[in-house]
Structure formats: C-alpha cells, structure tokens
Amino acid sequence: MENFKDVVSTKADEAENMQDKLAEINNERSLFREHFLRLGYTEHEALPLTPPESDQTVSFIGSPINAFKGYLENRSDIETPASILQPCIRTHDIVNGYDLSKIPFGMPFFHIYGTFSPRGTYEKTAADVIGYFRDAHKIANDDILIKPTIPGLSDILLAPFVAIGVKVEIDYSRYYEWRYGIDGVSGRGVTIFIRHKNGEWWDVGNVVSISDTSGQEIAVEFGVGSEFFQTALHGYNDPFDASHLSKIVKPENPVHKKVLTYLETALVASGTLAVNRTRTIRMSNRYINVALYLCEVYGYTRQEVENIANTYKNIASTHIDVDLFLEKYDARANVLNGLGGVFIDFLQNPIHTDANYMRNQLRKYLKKNGIRNEEVVLYVEKNYKNNVEIQSLCKNL
C-alpha cells in the first residue's frame, strides 16, 4: 500500500482540485436551495443523523421524510411546501461489510435533496422538480426519463410529466410502493432518471404521492440522491467520486474503495455515539467494527486512519467526533488483540490437546465480544500464519 502522505491530497494541484470539487458540491446545494426558495418553498433545517426518541423504527435518519412524519401521522397539511437537504445513512449495506466480494455501488452515507408539499400538489411538484433539473442544471427534456413504479395508476402519475414534455416510459420491473413506518400510510409515484454522460440512464430520484388506505392523498414528496445525481450530471464513474471522502483519498482498487466507503460511514456515525439511544449506538459500533476490519485487510496503520479522520473532519457536512471514533476504534482493536490471550492459553495449557474444549472456549470469547469469524481469520493470518495448531483450532468455528 502507498504511504498515507502519497494517497492524501497534499500537493498544490491536488489541494486545488479538492477545493474545486467541494465548490462544485456547495454550488449544487445552493442551486437546489435557491430554486425552491424562489418558488415559495420554506427551507427546513436538516435533522441530525440520530432520529428523535419518538421514532424507534430506524437507527439513523435515512430519508428527508423523517422530518415530516408528524404530518403523516396526524393526516394534516403542511402550511407551505418545504425543501430540505438531509444527510442520511443507509443501514442495509452493513450486512455485506465483511464480504470483500461485494463492493457497494451507492454510498451508505449520502445526502438527499428533498421537498414535502401539502395534498393536491402532485402536478405542481412535478413541474417544480423538472424546472429544477432544466433551469438550475440545464438538463434537456430528452435527458430526463420518468417511469411509474406501480401498475394501475400510470396515466395519473405520468400525466403531469407528459404535459411538461419529458420522456416517459412504462416499466414495472422496478415495482415499488413506499412505506413510512406508519400504519395505513403508503406512497405511489414515479422514478426520475437522468442521462449519464456515457449515455446510460441513471435512477436519481422520485416524486411520490403519499396517501392513506382509502387512497386519500396526504402529502407529496420529492427526493433526489445527491451523489447519484452528481455522478450522472458530471459523468463520474460511480457515486464514490461524488462523495466528500473522494476529495482527499483516491481508491487504488475496488477493495480500497469499500474500505474508504465504510470508514466514511463509521466516521459520520461516530457523531451519534454521544446520544443516549441504544439502537443508534449499536449500529454505530457495528460500522466502526467493520471499518476496523476493512482497514486491517487493506493494511492501514492506526496513524493513517487517524490522519484520514482528521482530514475528513475538516470538510465533512456533518458532525464528526474523531476522538470518540478513535476511542471506539482502539477498544475494538483491544478486543481483537485479546484473542492472543486465548491462543497463548491454548498453547501453554497442558490439556490444549483437547481441541474441542479449547474451540468451545474460543467460541465463548467470540460470542461474548461479538467477534465475527472473518475477524478471527484475519487475526490468525496476521499473527499465527505458520502455527499449525492455531490454524487447526480456528477451523469450523
């Protein structure tokens, strides 16, 4: 692996490029804010990544709709349409954290540009959204494609977009109905595609009519994933290139990209650890555990991780608690190093020839400390590569 000083942008031209990319992100956020403010929308402050205590359905904020759930629960109208720029964490990616063959295409940590409007504004929302793409970003009608996500309502959902003159297409292979964690509330809408510089269509957002079980509309929402949108708009290879972390570290290969992706999420999640919310803390620690494992796989030293964390903190859009992150990171490393004591006991114990007994002792330690088999394999590979007894002990855990 290259030294950190060779990977992080330190040269004058690289630093200038980082500033250009950050200016690009900030400019696009300004365009979003200005467009919807000009149309009469009120800017709603983004929620912190930690959900309110009243919402136990999620570990982190994963959508702008969390800021407006009260209107859905009460079936009440928001007085004026609102816009919001919401940082989010997509937690379903965590299940693949230890699988090096699965490289996330989207980012677990990302941003959504969104709006929330009162009932009866679906047509206006459609016009405002297409106006945003066309006026703020100069995207031509032929480079915007709309697909309904549910059978039976195609004509109603597509009508405003047909009137505007953008491309529409019926395709139910991506059937989807939105759920909000509220009984009797669901959403039906359309997916928005933007033509990438390479000619491919990229799914970047949705316009959704939210209704109750009777079909009565409650509200209308729009959301566009900023990293996917920027990727299509600027012709990047994938959403990582539109992320903040890409401005300071350039991945050498797919595994390195996975390492950086989960490290970024772990850093962002560290900002939630001080909040006394068990579900969120548990998930934050899971991301830190995965990040440590992946950094060990890639060969990052503790100092390199700290350098990346401190550099990222200076450009991050959310609160990053580097000290708390490193405290948890080190604590996890100490737990893994505790495996050494188990192995030493195995080698020095007169009854260590009873492999089943020692394997059960090892399993107890792993279960107690939440250590995964992948972490054991990595630890043994690094520390006991030539020890046949330890290698045998760790088989079939």
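Every value quoted in this text rests on a predicted model; they were computed, and no experiment measured them. (Residues numbered from 1 in each chain as written. Predicted model: local features only at pLDDT ≥ 70, side-chain atom pairs only at ≥ 80, totals over all residues. Heavy atoms only, no water.)

### Regarding the overall build of the chain
Of the regular secondary structure elements, the chain holds 14 helices and nine strands. With respect to the three principal axes, the spread of C-alpha positions in the chain is 80 × 55 × 35 Å. Looking at the 397 residues of the chain, the share that counts as buried comes to 52%. When contacts within the chain are restricted to residue pairs at least 6 apart in sequence, those whose partners lie at least 24 apart make up 71%. For the chain, the exposed area adds up to about 18100 Å²; of that, 48% sits on carbon and sulfur atoms. The chain carries 42 positive and 51 negative side-chain charges, and their two centres are separated by 5 Å. (Helix = DSSP H or I, 4+ residues; strand = E, 2+ residues; numbered from the N terminus. Buried < 20%, exposed > 50% of the residue type's maximum accessible area, 1.4 Å probe, protein only. Contact = heavy atoms within 4.5 Å. Areas by Shrake-Rupley, 256 points an atom, 1.4 Å probe, with all protein chains shown as cover. Lys, Arg positive; Asp, Glu negative; His and termini not counted. Charge placed at Lys NZ, Arg CZ, Asp CG, Glu CD.)

### Digging into the packing of helix α11 (residues 339-348) against helix α12 (residues 355-369)
Taken N-terminus to C-terminus, the directions of α11 and α12 make an angle of 165°; their axes are 11 Å apart at the nearest point. As the angle between them shows, α11 and α12 are arranged roughly antiparallel. In the crossing of α11 with α12, the sense of the turn from one axis to the other is right-handed. On α12, the residues touching Leu339, Val342, Phe343, Asp345 and Phe346 of α11 are Met358, Leu362, Tyr365 and Leu366. (Axes fitted to C-alpha atoms, helices over the stretch in contact; angles between N-to-C directions. Parallel < 35°, antiparallel > 145°, perpendicular 65-115°, else oblique. Left-handed = near helix turned anticlockwise from the far one by under 90°.)

### Focus on the side chain of threonine 191
With respect to the helices, strands and loops of the structure, threonine 191 is situated in strand β7 (residues 185-195). Assessed through its relative accessible area of 6%, threonine 191 is described here as buried. A distance of 3.1 Å separates polar atoms of two side chains, one belonging to threonine 191 and the other to asparagine 206. Excluding residues within four positions of it along the chain, threonine 191 makes contact with Leu145, Ile146, Lys147, Thr149, Asp203, Gly205 and Asn206. (Polar contact = N/O pair within 3.5 Å; in protein donor to acceptor, adjacent residues only side chain to side chain.)

### Description of the pattern of salt bridges
According to the stated counting rule, one finds 16 salt bridges in the structure shown. One salt bridge in this structure joins arginine 179 and glutamate 177, with 3.8 Å as the shortest N-O distance. Judged by its relative accessible area of 61%, arginine 179 falls in the exposed class. A salt bridge links lysine 257 to aspartate 238; the shortest N-O distance between them is 2.4 Å. Placement of the pair is lysine 257 in helix α7 (residues 254-270) and aspartate 238 in the loop between α6 (226-234) and α7, with a sequence separation of 19 residues. Across the pair, aspartate 238 and lysine 257 agree in class, each one buried. (Salt bridge = Lys/Arg side-chain N within 4 Å of Asp/Glu carboxyl O.)

### Some words on the nonpolar core
By size, the foremost hydrophobic cluster in this structure holds 60 residues, and its most contacted members are Tyr300, Tyr312, Phe325 and Phe343. Of all the elements in the fold, those that place two or more residues in this core are α7, α8 (278-298), α9 (302-313), α10 (322-337), α11, α12, α13 (373-383) and α14 (388-393). Element by element, the count of residues in this core is highest for α8, at 10 residues. In contact with phenylalanine 343, not counting residues within four places along its chain, are Leu362, Tyr379, Val380, Tyr384, Ile390, Leu393 and Cys394. (Core = buried A, V, L, I, M, F, W, Y, C linked by side-chain atoms within 4.5 Å.)

### Points about the packing of aromatic side chains
Remark: the centre distance and the inter-plane angle together describe each pair of aromatic rings, the angle taken between the planes. Counted according to the given criterion, the structure contains 24 aromatic pairs. Ring centres of phenylalanine 343 and tyrosine 379 lie 6.2 Å apart, and the angle between their planes is 35°; this geometry places the pair in the tilted category. One end of the pair, phenylalanine 343, is in helix α11; the other, tyrosine 379, is in helix α13, with 36 residues separating them in the sequence. On the basis of relative accessible area, phenylalanine 343 is assigned to the buried category, the value being 0%. When the ring of tyrosine 379 is compared with that of tyrosine 384, the centres are 6.3 Å apart and the planes differ by 45°; the resulting orientation is tilted. Each member of the pair tyrosine 379 and tyrosine 384 is classed as buried. An aromatic cluster of at least three residues, connected via ring pairs, comprises Phe32, Phe36, Tyr41, Tyr113, Tyr132, Phe133, Phe222 and Phe229. Residue placement shows arginine 90 over the ring face of phenylalanine 110; its charged tip is 4.3 Å from the ring centre. Over the ring of phenylalanine 193 we find lysine 147, and its NZ or CZ is 4.9 Å from the ring centre. (Phe/Tyr/Trp six-rings, centres within 6.5 Å; stacked < 30°, edge-to-face > 60°. Lys NZ or Arg CZ within 6 Å of the ring centre and 35° of its normal.)

### Quick notes on the pairing of strand β3 (residues 109-118)
Most of β3 is tucked away, with 10 of its 10 residues classed as buried. Where strand β2 (residues 82-89) lies against β3, eight bridges are found, and the strand directions are antiparallel. Each residue of the ladder has a partner; that of proline 87, found in β3, is histidine 111. Judged from the seven bridges that link them, β3 and strand β9 (residues 217-225) form a sheet pairing that is antiparallel. For threonine 115, the partnering residue across the bridge sits in β9 and is phenylalanine 222. (Pairing = 2+ DSSP bridges.)

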